[in-house]
Amino acid sequence: MLFPMVMSKFLWGAILFKMSEEIRVRFAPSPTGYLHVGGARTALFNWLWARKTGGKFVLRIEDTDEARSTVESVNGMLHDLKWLGLDWDEGPEYGEGIDPYKQQKGDKGPYFQSQRLEIYQKIAHELMDKGIAYPCFCTDEELEEKRKKAEEEHRSVHYDGTCRNLTKEEAQKRIDAGEPYTIRVRVPQKDYVLEDEVRGRVEWKAGTLGDFIILRSSGMPVYNFCVVVDDALMGITHVVRAEEHLTNTHRQLILYEALGMKPPRFSHASLILGPDKSKLSKRHGATSVGQYAEEGFLPEAMINFLALLGWNEGNDREIYSVKELIDCFELSHISKSPGVFDKDKLMWMNGQHLRAMPVDELIPLVAPLLKKAMPDDKRLDDPVILHKLVELIQVKMTLLTDAPEVAKTFFEASEPENDEARAIIETEKSKKLFEALAVEFEKCDWVREGYNASIKAASKIAEVKGKDLYMPIRVKITGSCHGPELVGILDVLGREETIARLRK
RNA sequence: GCCCCCAUCGUCUAGCGGCCUAGGACACAGCCCUUUCAAGGCUGCGACAUGGGUUCGAAUCCCAUUGGGGGCGCCA
């Protein structure tokens with residue numbers, strides 16, 4: 001008995017291999033003007049899956065709610081996605097002077113729902129012609145009434161099917177008379193089963209859902225309908241999205257069946273929560289990716305953090321590069337329980353990525369911030385000094401935006417920061433030390449060995465050592481009791497500046 | 001009200017019946033390193049929601065309860 005089983009396994013493998021089509025995933029945000037971290041994580045999971053499998057990542061804009069949709073709001077979204085490094089293979093183009101509505105890439109477009117209205121309308125009417133859907137003439141008021149009544153009688157608030165059994169002729173007559181109507185699908189009386197990649201088997205019993213609208217009386221399609229039509233037409237093979245859509249899947253399975261299409265594989269990740277465990281929203285602070293970019297977070301840290309919030313490889317690993325994530329990512333390892341967005345951990349992670357970064361890569365990120373904080377400082381234009389400076393402050397930064405503050409503590413000459421600092425440099429011994437050191441510095445080689453020797457020599461002359469030696473020098477030169485290592489500071493400042501500060 | 005999902009330290013999580021007196025990370029505290037502050041290293045603090053089963057054995061499987069979340073729209 002073992003042999004046939006093994007055989008069939010091989011056979012299945014072969015068939016699956018042959019049948020396996022290109023994997024196509026999508027991210028379908030509404031154009032709200034910015035990318036929410038929850039959306040970013042959804043986009044990331046999709047993107048990782050596409051990149052891991054060599055598939056395609058499609059970007060589709062769900063803008064049937066036209067009011068919010070403008071070039072600016074779309075670009076805001078695309079900008080954030082680009083910043084994260086989540087590039088898409090199909091969808092609107094992004095860039096200076098590009099109109100995302102007009103310039104799109106991919107052959108399954110258009111990728112704006114607002115540009116696909118005829119498609120939805122045509123399909124909705126086809127379904128109606130086939131009797132899979134039907135026109136409903138119930139008015140808003142009537143429906144509201146029914147809902148109320150159902151609630152009072154403790155029945156479920158489904159549509160009662162008033163227009164379900166209208167004859168074709170009767171319906172046509174009312175349509176011809178110009179009566180407004182919506183199109184509803186006839187929901188089959190049967191159970192539906194979803195085999196979710198992360199949640200496993202999810203079942204809906206027959207009768208838990210009433211006939212629902214797919215096309216409004218205005219001719220505008222409804223979300224669940226658009227999604228299914230688009231996903232089907234765009235050849236989406238895997239839908240990865242947040243848990244809030246889990247119950248929508250029931251309707252969507254019905255619609256796939258109505259269209260005679262095979263549904264994609266679904267993966268429902270859970271929600272991202274705020275510190276109070278309610279769904280992450282603006283009142284919890286920064287929720288848009290753009291805000292984190294401005295605060296000085298690195299895209300690779302953001303990616304790493306978001307990936308680990310709701311996904312893990314099954315081990316203790318915390319730090320991943322983007323490439324490593326692509327290699328390790330599996331849909332089945334997405335976690336089922338919701339997670340709190342922990343900014344402290346994000347900060348830590350940012351520090352990890354920041355410190356792991358080669359100085360040459362860090363310089364272009366930090367230089368503009370330094371330049372902005374110290375616009376008149378010519379030294380920043382010197383690549384050698386800039387390199388030394390960034391190298392020195394790298395270990396002291398958590399965020400990119402920490403750079404100016406850390407640099408300023410020693411890069412710019414300043415008065416003692418407080419009385420404690422002032423007291424340190426105003427002792428007689430300290431004053432003696434500074435002069436001795438200035439003299440030594442004038443004649444030494446300006447390399448680490450040189451000024452280390454000078455400090456030693458001055459130490460003997462002024463009869464101070466240890467903390468009484470280094471702290472006064474630090475305070476005299478920088479004005480602060482804290483900062484990067486002293487010899488590094490000397491490296492950056494150079495001989496002239498250092499001596500000038502000692503003698504000031 | 002009905003439907004669906006979820007449940008391990010404060011937080012993110014490992015765990016998929018014996019390796020668990022439950023491991024790692026963030027945060028917190030202490031120590032070490034160090035001319036300072038960081039960074040780094042070490043140590044500590046700290047959790048299987050509750051109640052029933054199943055089993056020789058349960059964080060792990062099943063059922064209830066409780067708690068959280070989502071949905072039930074001519075919103076997306």
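The structure under discussion appears in the preceding block.
Below you will find a few notes about this structure. These numbers were taken from a predicted model, which means no experiment stands behind them.

Of regular secondary structure, chain A possesses 21 helices and 13 strands. Computed over the C-alpha atoms, the radius of gyration of chain A is 32 Å, more than 25% above the 23 Å expected from 2.2 N^0.38 for a compact globule of 504 residues. On the principal axes, the C-alpha backbone points of chain A span a range of 110 × 65 × 45 Å. Here chain A, with 504 residues, has 47% of them falling under the buried criterion. Counted over contacts in chain A with a minimum sequence separation of 6, partners at least 24 positions apart contribute 73%.

There is a patch of like negative charges on the surface, built from Asp140, Glu141, Glu142 and Glu145. Locating aspartate 140 in the fold gives a position in helix H5 (residues 140–152). The class of aspartate 140 is exposed, set by a relative accessible area of 58%.

With that settled, the discussion passes to helix H21 (residues 495–503). Buried within H21 are the following residues: Thr498, Ile499, Arg501 and Leu502. Projected down its long axis, H21 carries its buried residues within an arc of 160 degrees, all on one side. Among the structural elements, helix H15 (403–411), helix H17 (428–443), helix H19 (467–478) and helix H20 (486–493) are those in contact with the buried residues of H21.

The next thing to look at is the environment of leucine 325. Here leucine 325 shows up in helix H11 (residues 322–328). A C-alpha to C-alpha distance of 38 Å links leucine 325 and isoleucine 489, two positions 164 residues apart in sequence. Setting aside anything within four residues of it in sequence, one finds leucine 325 in contact with Leu48, Ile303, Asn304, Ala307, Trp311 and Tyr320.

Now for empty space enclosed by the protein. To find the voids left in a structure, one rolls a probe of water-molecule size over its atoms. Using the criterion set out here, one finds 1 cavity of 30 Å³ or more in the structure. Roughly 30 Å³ of internal volume is contained in the largest cavity. Val187, Pro188, Lys190, Tyr192, Lys205, Ala206, Gly207, Thr208, Leu209 and His250 are the residues that line the largest cavity. Residue composition of the lining of the largest cavity, by class: 5 nonpolar, 3 polar and 2 charged.

Checked against the element boundaries, aspartate 377 lands in the loop between helix H13 (359–373) and helix H14 (383–394). Take aspartate 377: its relative accessible area is 13%, and that puts it in the buried class. Each residue touching aspartate 377, except ones within four places of it in the same chain, is listed here: Lys371 and Phe411.

Our next topic: the side chain of asparagine 304. Here asparagine 304 shows up in helix H10 (residues 299–308). Asparagine 304 sits in the buried class, given a relative accessible area of 0%. Ignoring any residue separated from it by four or fewer positions in sequence, one finds asparagine 304 in contact with Glu318, Ile319, Tyr320, Leu325, Met349 and His353.

We now examine the sheet that holds strand E9 (residues 213–215). Sheet architecture is open: 3 strands sit in the order E5-E6-E9, paired in antiparallel fashion. Each edge of the open sheet is held by one strand with a lone partner, namely strand E5 (133–136) and E9. Between one strand axis and the next, the sheet turns by 45 degrees as a mean value, whatever way the strands run. Here E5 runs beside strand E6 (residues 182–185); their pairing, made up of 4 bridges, is antiparallel.

A few words on the pattern of salt bridges. Enumeration according to the criterion identifies 35 salt bridges in this entry. The closest approach of N and O atoms between arginine 164 and aspartate 211, which form a salt bridge, is 2.7 Å. Of the two residues, arginine 164 is situated in the loop between H5 and helix H6 (168–176) and aspartate 211 in the loop between strand E8 (200–204) and E9; the sequence distance between them amounts to 47 residues. Classification of aspartate 211 as buried rests on a relative accessible area of 7%. Notably, a salt bridge pairs aspartate 377 with arginine 379, separated by 2.8 Å at the nearest N-O pair.

Most often, soluble globular proteins keep nonpolar side chains buried together rather than apart. The biggest cluster of nonpolar side chains holds 53 residues, and the ones touching the most others in it are Leu370, Leu389, Phe411 and Phe441. Setting aside residues up to four positions removed in sequence, leucine 389 forms contacts with Leu370, Leu380, Ala407, Phe410, Phe411 and Val492. If you look at the next biggest cluster of nonpolar residues, it comprises 52 residues, including Leu81, Phe297, Leu325 and Ile326.

With that out of the way, let us pick up the protein's contact with RNA strand B. Near RNA strand B, the surroundings consist of 59 residues, among which Arg199, Arg216, Asn312, Lys396 and Gly483 are the closest. Of all atoms in RNA strand B that approach within 4 Å of the protein, 69% are sugar or phosphate atoms. At 3.3 Å, a side-chain N or O of glutamate 243 approaches a sugar or linking oxygen of RNA strand B. Glycine 310 is positioned such that a nitrogen or oxygen atom in its backbone is 3.0 Å from a phosphate oxygen of RNA strand B. At 5 residues, the largest contribution of residues to the surface near RNA strand B is made by helix H12 (residues 343–356).

Pairing analysis gives 5 bridges linking strand E7 (residues 192–196) to E8, with the strands arranged antiparallel. Each bridged residue has a counterpart across the sheet, and for aspartate 196 the counterpart in E8 is glycine 200.

Here we come to the packing of H13 against H15. Packing of H13 against H15 leaves a shortest axis separation of 9 Å and a crossing angle of 60 degrees. It follows that H13 is oblique to H15 by the angle criterion. The chirality of how H13 crosses H15 is right-handed. Facing H13, whose interface residues are Val366, Leu369, Leu370 and Ala373, H15 presents Ala403, Pro404, Ala407 and Lys408.

Cut-offs used in this document
- Residues numbered from 1 in each chain as written.
- Chains lettered and ligands numbered in written order.
- Predicted model: local features only at pLDDT ≥ 70, side-chain atom pairs only at ≥ 80, totals over all residues.
- Heavy atoms only, no water.
- Helix = DSSP H or I, 4+ residues; strand = E, 2+ residues; numbered from the N terminus.
- Rg over C-alpha atoms; globule rule 2.2 N^0.38 Å.
- Buried < 20%, exposed > 50% of the residue type's maximum accessible area, 1.4 Å probe, protein only.
- Contact = heavy atoms within 4.5 Å.
- Patch = residues over 30% accessible without salt bridge, like charges linked within 9 Å, V, L, I, M, F, W, Y side chains within 5 Å.
- Areas by Shrake-Rupley, 256 points an atom, 1.4 Å probe, with all protein chains shown as cover.
- Salt bridge = Lys/Arg side-chain N within 4 Å of Asp/Glu carboxyl O.
- Lys, Arg positive; Asp, Glu negative; His and termini not counted.
- Charge placed at Lys NZ, Arg CZ, Asp CG, Glu CD.
- Arc of directions from axis to C-beta.
- 1 Å grid on protein atoms, 1.4 Å probe; cavity = no way out; pocket = protein on both sides within 12 Å on 5 of 7 lines; lining within 4 Å.
- Points joined across faces, edges and corners; volume = space filled by probe spheres on them.
- Nonpolar A, V, L, I, M, F, W, Y, C, P; charged D, E, K, R; others polar.
- Pairing = 2+ DSSP bridges.
- Axes fitted to C-alpha atoms, helices over the stretch in contact; angles between N-to-C directions.
- Core = buried A, V, L, I, M, F, W, Y, C linked by side-chain atoms within 4.5 Å.
- Near = heavy atom within 4 Å.
- Polar contact = N/O pair within 3.5 Å; in protein donor to acceptor, adjacent residues only side chain to side chain.
- Parallel < 35°, antiparallel > 145°, perpendicular 65-115°, else oblique.
- Left-handed = near helix turned anticlockwise from the far one by under 90°.

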